[in-house]
Amino acid sequence: MKMPDPEQEILDKLPDLTGRLVRLLSKKAVITSEQGRKAFESDGLTAYRQSPMIVALPSSTEEVSEILKICNELNIKVVPRGAGTSLSGGALPLADGLTLGLSKLNKIIDIDYQNRSVVTQCGVTNLAISHAVEDQGFYYAPDPSSQIACTIGGNVAENSGGVHCLKYGLTTNNILGLKMVLMNGDIIELGGKHMQESGYDLIGLVTGSEGLLGVVTEATVRILPKANVVKAMLIGFDDIELAGECVARTIAAGIIPSGMEMMDNMAINAAEDYCQPGYPRDAEAILIAEFDGVESEVDYFTQRVSELAKELGATSISISKSEEERNGFWAGRKAAFPAVGRISPDYYCMDGSIPRKNLPIVLRRMNELSKKYGLRVANVFHAGDGNLHPLILYDANVPGELERAEEFGSDILRLCVEVGGALTGEHGIGVEKRDLMPTMFTKDDLNQQERIKCAFDPAHRLNPGKMFPELHRCSELGKMHIHGGKLLFPDIPRF
Amino acid sequence: MTDLYFPTTEEQVSECICDHIVMEKSLDVRTGGSLISLGSPMNVASTLSLKELNQVKLYEPEELVITLEPGVLLSDLKNLLMEHNQELKFEPPDLGPLLGNDPGIGTIGGIIGTNLSGPKRFLAGGARDYILGVQGISGFGQIFKAGGRVVKNVSGYDVSKLMCGSYGTLGAITEMTLKLAPKAQDEISLKIHDLETETAIFLMTEIAACPYEVSGLAHIPGTGTFIRIEGTTASLDERIAAIRGLVGKRKVSELKREESEDQWRQIRDVAPLNPPKNLPLWKISIAASDVLDVINDHNPEFYFLDWAGGLLWMSSKDIPTFDKGAFWLIRNTETPLDLPFNKSPDPLIRNLNKRIKKAFDPKNILNPGRLGF
Ligand SMILES: Cc1cc2nc3c(=O)[nH]c(=O)nc-3n(C[C@H](O)[C@H](O)[C@H](O)COP(=O)(O)OP(=O)(O)OC[C@H]3O[C@@H](n4cnc5c(N)ncnc54)[C@H](O)[C@@H]3O)c2cc1C
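Remember, it's a predicted structure, so these values are computed and weren't measured experimentally.

**Q** Where do I start with the overall build of chain B in this structure?
**A** Each helix and strand counted, chain B has ten helices and 18 strands in total. Relative to the compact-globule value of 21 Å for 373 residues, chain B shows a C-alpha radius of gyration of 21 Å, a close match. Referenced to the eigenvectors of the C-alpha coordinate spread, the extents of chain B come out at roughly 70 × 50 × 35 Å. For chain B, the residues scored as buried account for 64% of the 373 residues in total. When contacts within chain B are restricted to residue pairs at least 6 apart in sequence, those whose partners lie at least 24 apart make up 70%. On chain B, roughly 13,700 Å² of surface is accessible, and the fraction owed to carbon and sulfur atoms is 48%. Distance between charge centroids for chain B: 3 Å, based on 39 positive and 48 negative side chains.

**Q** How do you make sense of the side chain of S209 of chain A when you look at a structure like this?
**A** Tracing the backbone through its elements, the reader meets S209 of chain A in the loop between α8 (202-206) and β10 (215-222). A polar side-chain atom of S209 of chain A sits 2.7 Å from the main-chain carbonyl oxygen of V206 of chain A. Beyond its immediate sequence surroundings of up to four residues, S209 of chain A is in contact with A157 and M467 of chain A together with Y157 of chain B.

**Q** How should I be thinking about the pattern of salt bridges in this particular structure?
**A** Any two side chains of opposite charge can pair, so long as their charged atoms come close to each other. Following the criterion strictly, the structure yields 56 salt bridges over all chains and no others. R128 of chain B is the salt-bridge partner of D201 of chain A, the closest N and O atoms lying 2.9 Å from each other. Taken together, the positions of D201 of chain A in the loop between β9 (187-191) and α8 and R128 of chain B in the loop between α4 (121-124) and β7 (131-138) put the pair across two chains. In this structure, D201 of chain A and R128 of chain B share a single accessibility class: buried. D299 of chain A is the salt-bridge partner of K231 of chain A, the closest N and O atoms lying 2.7 Å from each other. With a gap of 68 residues between them, K231 of chain A in strand β12 (residues 229-237) and D299 of chain A in helix α11 (residues 295-311) connect regions that are remote in the sequence. The class for K231 of chain A is buried, based on a relative accessible area of 18%. One salt-bridge network, in which partners are shared between bridges, spans E7, K77, D96 and R461 of chain A.

**Q** It is not clear to me how the state of the cysteines should be interpreted in this structure. Could you clarify?
**A** Cysteine pairs can be linked by a disulfide, which is a covalent bond between their two sulfur atoms. Inspection of every chain in the model, using the stated rule, returns one disulfide over all chains. With a sulfur-sulfur separation of 2.0 Å, C454 of chain A is cross-linked through a disulfide to C474 of chain A. Negative torsions about the S-S bond denote left-handed disulfides, and the value of about -85° found for C454 of chain A with C474 of chain A makes this one left-handed. Separated by 20 residues along the polypeptide, C454 of chain A in helix α17 (residues 443-456) and C474 of chain A in helix α18 (residues 474-477) bring together distant segments of the chain. C454 of chain A sits in the buried class, given a relative accessible area of 12%. Cysteine C150 of chain A is unpaired, with the sulfur of C165 of chain A as its nearest cysteine sulfur at 11 Å. Not engaged in a disulfide, the cysteine C18 of chain B finds its nearest cysteine sulfur in C16 of chain B; these two sulfurs lie 9.3 Å apart.

**Q** What exactly am I supposed to notice about the sheet that holds strand β1 (residues 3-5) of chain B here?
**A** The strands that make up a sheet are held in pairs by hydrogen bonds between backbone atoms, and each pair lies either parallel or antiparallel. Residues and elements named next belong to chain B. Strand order in this open sheet of three strands is β1-β3-β2, and the pairing throughout is parallel. Of all the strands in the sheet, the pair left with one neighbour each is β1 and β2 (27-30). Mean inter-strand twist for the sheet, computed between neighbouring axes without regard to direction, equals 20°. Direction of pairing for β2 relative to strand β3 (residues 46-49): parallel, over a ladder of four bridges.

**Q** Even after reading the chapter, I still don't get the site of the ligand, so can you show me in this structure?
**A** All names here are of chain A. As a structural note, the neighbourhood of the ligand is formed by 32 residues, with P80, G82, T85, S146 and T151 the closest of them. Between the ligand and G82 there is a distance of 2.6 Å, counted from an oxygen atom to a backbone nitrogen or oxygen. Measuring from an oxygen atom of the ligand, one finds a side-chain N or O atom of S160 at 2.7 Å. Starting from 970 Å² of accessible surface for the ligand in isolation, the protein chains cover 93%. Going through the elements one at a time, β3 (77-81), α6 (152-158) and β10 are the ones with two or more residues in the shell around the ligand.

**Q** What am I meant to see in the environment of G169 of chain A here?
**A** Summarising the element assignment, G169 of chain A is placed in the loop between α7 (165-168) and β8 (175-181). Accessibility expressed as a relative area gives 10% for G169 of chain A, which makes it buried.

**Q** Explain unusual backbone geometry to me, please; I cannot follow it from the model alone.
**A** Glycine aside, residues mostly have negative phi, and peptide bonds are mostly found in the trans state. For Q276 of chain A, which is not a glycine, the phi torsion comes out positive at approximately 45°. Topologically, Q276 of chain A is positioned in the loop between α10 (265-275) and β14 (285-293). On the basis of relative accessibility, which here comes to 54%, the residue Q276 of chain A falls in the exposed class. Positive phi is not limited to glycine here, since E213 of chain B has a value of about 50°. The residue E213 of chain B is located in the loop between α6 (197-208) and β12 (214-220) in this model.

**Q** Mind showing me how you'd approach a negative patch on the surface here?
**A** Residue and element names in this part refer to chain A. Taken together, the side chains of D238, D239, D282 and E284 define an acidic patch exposed on the protein surface. Tracing the chain through its elements places D282 in the loop between α10 and β14. When its relative accessible area of 65% is taken as the criterion, D282 is described as exposed.

**Q** Quick question: what am I supposed to make of the pairing of strand β16 (residues 302-306) of chain B here?
**A** Consecutive side chains of a regular strand alternate in pointing toward one face of the sheet and then the other. All names here are of chain B. Of all the five residues making up β16, five are buried; the element is thus mostly covered by neighbouring parts of the structure. The alternating pattern of β16 places F302, F304 and D306 and Y303 and L305 on opposite faces, both of which are buried. What sits between the antiparallel neighbours β16 and strand β17 (residues 311-315) is a turn of four residues, in which W307 has the positive phi angle 50°.

**Q** Can you walk me through the nonpolar core in this structure?
**A** Ranked by internal contacts, the top residues of the largest apolar core, which has 196 residues, are M262 and F456 of chain A together with I108, I112, I356 and F360 of chain B. If you tally residues by element for this core, the top one is helix α15 (residues 401-418) of chain A, at seven residues. In this view, I112 of chain B contacts F90, A127, I131, M163, C164, G165, I173, M176 and L178 of chain B; residues no more than four positions away in its chain are not counted. By size, the runner-up hydrophobic cluster in this structure holds 30 residues, among which are I10, L21, I67 and L102 of chain A.

**Q** Would you mind going over the domain arrangement of chain B with me for this structure?
**A** Put simply, an interface is often sized by how much accessible area is lost when its parts join up. Residue and element names in this part refer to chain B. Here chain B is partitioned into domain 1 (1-183), domain 2 (186-269) and domain 3 (272-331). Distance between the C-alpha centres of domain 1 and domain 2: 32 Å. Each partner contributes to the interface: domain 1 provides 13 residues, whereas domain 2 provides 13 residues. At the boundary of domain 1 with domain 2, the tally comes to two salt bridges. The salt bridge partner of E91 is R228, with a shortest N-O separation of 2.9 Å. The interface formed by domain 1 and domain 2 includes three residue pairs in polar contact (both at pLDDT 80 or more).

**Q** Please clarify how the pairing of strand β15 (residues 281-285) of chain B should be interpreted in this entry.
**A** Residues and elements named next belong to chain B. With five of five residues buried, β15 is to be regarded as a mostly interior element. Along β15, one buried face is formed by L281, K283 and S285 and the opposite face, lined by W282 and I284, is buried too. Inspection of the sheet shows β15 paired to β17 by five bridges, in the antiparallel sense. Along β17, the bridge assignment pairs S285 with L311. Here β15 runs beside strand β18 (residues 326-331); their pairing, made up of five bridges, is antiparallel.

**Q** So what exactly am I meant to see when it comes to the packing of aromatic side chains here?
**A** In this description, an aromatic ring pair is defined by two values, namely the gap between the centres and the angle between the planes. One pass over the structure, following the stated rule, counts 15 aromatic pairs over all chains. Where Y200 of chain A meets F373 of chain B, the ring centres are 5.4 Å apart and the plane angle is 75°; that geometry is what we call edge-to-face. Here F373 of chain B lies in the segment after α10 (347-360) and Y200 of chain A lies in the loop between β9 and α8, a pairing that spans two chains. For the pair Y200 of chain A and F373 of chain B, a shared accessibility class is recorded, and that class is buried. Arranged with centres 5.7 Å apart and planes meeting at 65°, the rings of F144 of chain B and F360 of chain B form a pair that is edge-to-face. Of this pair, F144 of chain B sits in strand β8 (residues 143-147) while F360 of chain B sits in helix α10; the two residues are 216 residues apart in sequence, bridging distant segments of the chain. We classify F144 of chain B as buried; its relative accessible area is 2%. Taken together, the ring pairs connect F291, Y300 and F301 of chain A into an aromatic cluster. Over the aromatic face of W264 of chain B sits the side chain of R228 of chain B, whose NZ or CZ is 4.9 Å from the ring centroid. The aromatic ring of W328 of chain B is capped on one face by K283 of chain B, whose charged end is 5.3 Å from the ring centroid.

Each value, and the rule that gives it
Residues numbered from 1 in each chain as written. Chains lettered and ligands numbered in written order. Predicted model: local features only at pLDDT ≥ 70, side-chain atom pairs only at ≥ 80, totals over all residues. Heavy atoms only, no water. Helix = DSSP H or I, 4+ residues; strand = E, 2+ residues; numbered from the N terminus. Rg over C-alpha atoms; globule rule 2.2 N^0.38 Å. Buried < 20%, exposed > 50% of the residue type's maximum accessible area, 1.4 Å probe, protein only. Contact = heavy atoms within 4.5 Å. Areas by Shrake-Rupley, 256 points an atom, 1.4 Å probe, with all protein chains shown as cover. Lys, Arg positive; Asp, Glu negative; His and termini not counted. Charge placed at Lys NZ, Arg CZ, Asp CG, Glu CD. Polar contact = N/O pair within 3.5 Å; in protein donor to acceptor, adjacent residues only side chain to side chain. Salt bridge = Lys/Arg side-chain N within 4 Å of Asp/Glu carboxyl O. Disulfide = S-S within 2.5 Å. Pairing = 2+ DSSP bridges. Axes fitted to C-alpha atoms, helices over the stretch in contact; angles between N-to-C directions. Near = heavy atom within 4 Å. Patch = residues over 30% accessible without salt bridge, like charges linked within 9 Å, V, L, I, M, F, W, Y side chains within 5 Å. Core = buried A, V, L, I, M, F, W, Y, C linked by side-chain atoms within 4.5 Å. Domains from an automatic or database assignment. Phe/Tyr/Trp six-rings, centres within 6.5 Å; stacked < 30°, edge-to-face > 60°. Lys NZ or Arg CZ within 6 Å of the ring centre and 35° of its normal.

Here it is, written out as structure tokens:
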């Protein structure tokens, strides 16, 4: 993966930049030592590493604004970073860039039960929001598996999902307001505690923009009352396609579980070896479906899904009878990544999204690819909404295996797009899938997206090298060419 | 006299826009036209109506998605979805009659263009939460698409959300994909008589904070406070009992399915509640905790609350004033007063909006000025 070449002009400005940052922040909040910078060299996509030129750790929106003003003036590239758990390399540093670490913006500012909302700084972790309101019976719904560590700022940037997004939506459906700083240092406030804004939906645009449009310093999130009753089901099948069919029939019956997950045989056994959740080892696939609400409704749904599963010949069906049992059902799913990490020296987590009905074709073709590349693949799957997480097993110490795993991964994503899906369901494009963007979008589509970038950051200083396979000058992107009374669409030169 | 264009293909839409770019002439981009009075007044050369683009391109009930062209009538769409017991969960309103047009002429293009959402907004989100992908023609004359047809998709910027509620100022949407929901098995509403507005707001907030997934909370002064419950038939009794517990000894009546549906249609479409025609009608999105102040400050002749207190409709000759929140001038008086369509945004945000407009439509051809910038 090629990142933009370091610009010597920027590297030359490092002393000036360091001096100004130290004056603005304390010395401790500016990291220049080689060892100190190395701590930031990668995010959750550990195959890519690059030490940043410098790291700044602001503690307030105002400090973020001042830092960006300085960087804007000196033309320094900036990479925002929350907890660094991105799986697409979104927070990968640049050799000539400043990494803006946001972990010190870690305060919850306002909890407002009357308006069912929480105002929080961007560095607060996803789980900390739920913890802060659980006494009063509330929680923040989007629940990425990384929720202990990942920040709400990172969630907004990636539009993160989780197992309960099937019913409660992704990050974007749960954000009411944002405070953010633009690359020129302008501080803007979008939305608030009200539900709808006038003008363009900037909150919707910024959510999922991977730190390319601005630095989010505060978010106002929607909190929900916890359901009275929650029950999970664990259903085993001896054929993975039947498990897929069970999901399809559930949804077709008008039943939307709060979460519906699938694991294949390899993932089941990895989980059993790791933490013994009691999954049927011989099943080709298990489904974990969860329902929440009032008891009569939860019971009705679990009953209906039991019937559907039975009709399809499920080999085992259990409905949780206690919180302990329910958590047990989830334990293996939650530990799926580390569990797979134990059966292979390395694994590469993919994140394609497909129309559910195409699951059988995708699984079959993925099997063929697995043989072609000589690499095993375990599957965990947000089955209810068609979001696949194939985990490709490889050994980075074997020369060429990482490259093979990446090729395999790219083929899986191309396949997802081919069957009507998307390159990424929740992990983002980042650097990882940047060069695959043209499989999903035309040049015109991408130019239009880049023009949006230009409206926020005309010099491409914020997180360059992520999301867009090519960068164009904004002045060129904005031009129209008319010749002989006709509109021409010339090729736009790139940098 | 303005020229009228009714393209029947996407290519024709593109041609029409390209021609206008070359001539530097502006276009009034619309679909059915039932919502055309929303927005700041425009001075345009021609009208580009997308209503002949009216095909359903793909409907996969088991995937809960539909791809359609903007001209599909809401009434037709509703019937189509009903065949599979599905619906658009954001309850698109039919504001046609409120704006002096016939009922039933509203299109999905109009709804997505203006991001209009019904009473479930506080529980289930609005139009913008159900749009998965768009395709359209920008003010560069080029076809662009964004998003896709799957629910989980973070590939590239969420341009679909940007297009939703852009009032045709960023591009002519030629195709969109929406997420669908199964229709609830059953519905029932409670009507509480004679609550003071302040008490009603308090009660609505309290109920919205309970885990009964109440899907409608509205207060119409002089008529009643309405609480809607939807879900499996088996669960309605349990939830009604719980909510009755919160309501206490107040006088309550139950509205069975049909009556309940009719009541919420009235709340959704507003016209049946008869807001006075001699005063401007405002729609205000505001935190429920702030709504009472706005009502007291303006002392409106007519008002009611939806979205669990987060939405205020009011008739008042004055421009609404409050700190945080948004408003829309939905209907002006017959001899229009000089009033703004939206609350004037912070200058930095206004500038950002202008830059985004320019990123899609550098010559300001598409619905120029409709959003006031
Ligand atoms: C074990 C594991 C499990 C995971 N499970 C899930 C899952 O279930 N669902 C899911 O969706 N994701 C999952 N992820 C991915 C990751 O946790 C999410 O993408 C998360 O939102 C990233 O948050 P972060 O704070 O770590 O952001 P970072 O990794 O620090 O940054 C991510 C991106 O956001 C930008 N960014 C960060 N903060 C800001 C800000 N304040 N303003 C602007 N831009 C910012 C960065 O520049 C970068 O592009 C998982 C990751 C791991 C390691």
